[in-house]
Amino acid sequence: MDFQSVCKKLKESWIFSAAIIIVLGLILVLFPAETLTSVSYVLGGLAIAMGVIRSVRYFKQDHTYPYLFQSDLAVGLLSVGFGIFMVSQPVKVLSLLPHVFGMLMVGWGVGGILRAVDAKKAGFSYWGVLLGLAIVSIVLGWLIMANPFGAMETATVVIGAGLIYQGVTDIVAVLAVGKRITQWKNPPQQ
């Protein structure tokens, strides 16, 4: 598989995962009371699916450009673990929902920092933007885990907003890096 095909598949799967996260965030923001009872199963299933996609993507790469994909395995396994917990312990998850989502956002932020470091090593000029977005994800994750909002419904709206933010930042990151990879592999002709 050539580099362009790998990048295209990576971009498509990443944008698809981000779109799912955005839709889920919108549901939580728009219907917080209605979603609280079933959110554990749905989110657990989505976390498992996203984790499997990222883990499989890591193992399917040809390792020609390992610095572009190394965080996928860690983020994938973390997502699968959280997903299994959400599906197997729905009552506990409901009471721990802000903490679980906060941990996921921190995990996504750590993965974002790894991507930013990898992008810097690869010479991408957008690495600072990726780093900034990753740090914001970590800060939001910590704020959600601290749960200063008290009411579960309010916390659900905040979690939904955090998921929307995470999905949008993933799309921005993949588009920025994708553009730079294209420029890197196809330099302008003199």
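Computed from a predicted structure; not experimentally measured.

Criteria and cut-off values
- Residues numbered from 1 in each chain as written.
- Predicted model: local features only at pLDDT ≥ 70, side-chain atom pairs only at ≥ 80, totals over all residues.
- Heavy atoms only, no water.
- Helix = DSSP H or I, 4+ residues; strand = E, 2+ residues; numbered from the N terminus.
- Buried < 20%, exposed > 50% of the residue type's maximum accessible area, 1.4 Å probe, protein only.
- Contact = heavy atoms within 4.5 Å.
- Expected span 1.5 Å × (residues − 1).
- Arc of directions from axis to C-beta.
- Axes fitted to C-alpha atoms, helices over the stretch in contact; angles between N-to-C directions.
- Parallel < 35°, antiparallel > 145°, perpendicular 65-115°, else oblique.
- Left-handed = near helix turned anticlockwise from the far one by under 90°.
- Nonpolar A, V, L, I, M, F, W, Y, C, P; charged D, E, K, R; others polar.
- Salt bridge = Lys/Arg side-chain N within 4 Å of Asp/Glu carboxyl O.

A. Structural detail: the environment of Phe 101. Mapped onto the fold, Phe 101 is located in helix H5 (residues 90-121). Given the relative accessible area of 3%, Phe 101 is considered buried. C-alpha of Phe 101 to C-alpha of Ile 159: the two residues are 58 residues apart in sequence and 6.8 Å apart in space. Ignoring sequence-local partners within four residues, the contact set of Phe 101 consists of Leu 43, Ile 159 and Leu 163.

B. Spotlight on helix H6 (residues 127-146). Helix length check: H6, at 20 residues, gives a terminal C-alpha distance of 29 Å against a target of 28 Å (1.5 Å per residue), a fit within 8%. Every buried residue of H6 is listed here: Leu 130, Ala 134, Ser 137, Ile 138, Gly 141, Ile 144 and Met 145. An end-on view of H6 places all buried positions within 125° of arc, on one side of the element. In H6, the exposed residues that point more than 90 degrees away from the buried face are Trp 142 and Ala 146.

C. Structural context of the packing of H5 against H6. It is at 7 Å that the axes of H5 and H6 come closest, and there the two elements cross at 165°. Regarding the angle of H5 to H6, the classification is roughly antiparallel. The two elements H5 and H6 cross, and the hand of that crossing is left-handed. Its residues assigned to classes, the contact of H5 with H6 shows 17 nonpolar, six polar and two charged.

D. Summary view of the pattern of salt bridges. All told, the structure shown has two salt bridges when counted by the stated rule. A salt bridge links Arg 54 to Asp 170; the nearest nitrogen and oxygen atoms lie 3.8 Å apart. Taken as a pair, Arg 54 in helix H3 (residues 39-60) and Asp 170 in helix H7 (residues 152-185) lie far apart in primary sequence, 116 residues in all. For Arg 54, a relative accessible area of 3% corresponds to the buried category. Across the pair Asp 170 and Arg 115 runs a salt bridge, and its minimum N-O distance is 3.8 Å. Here the residue Asp 170 occupies a position in helix H7, and Arg 115 occupies one in helix H5, the gap between them amounting to 55 residues.

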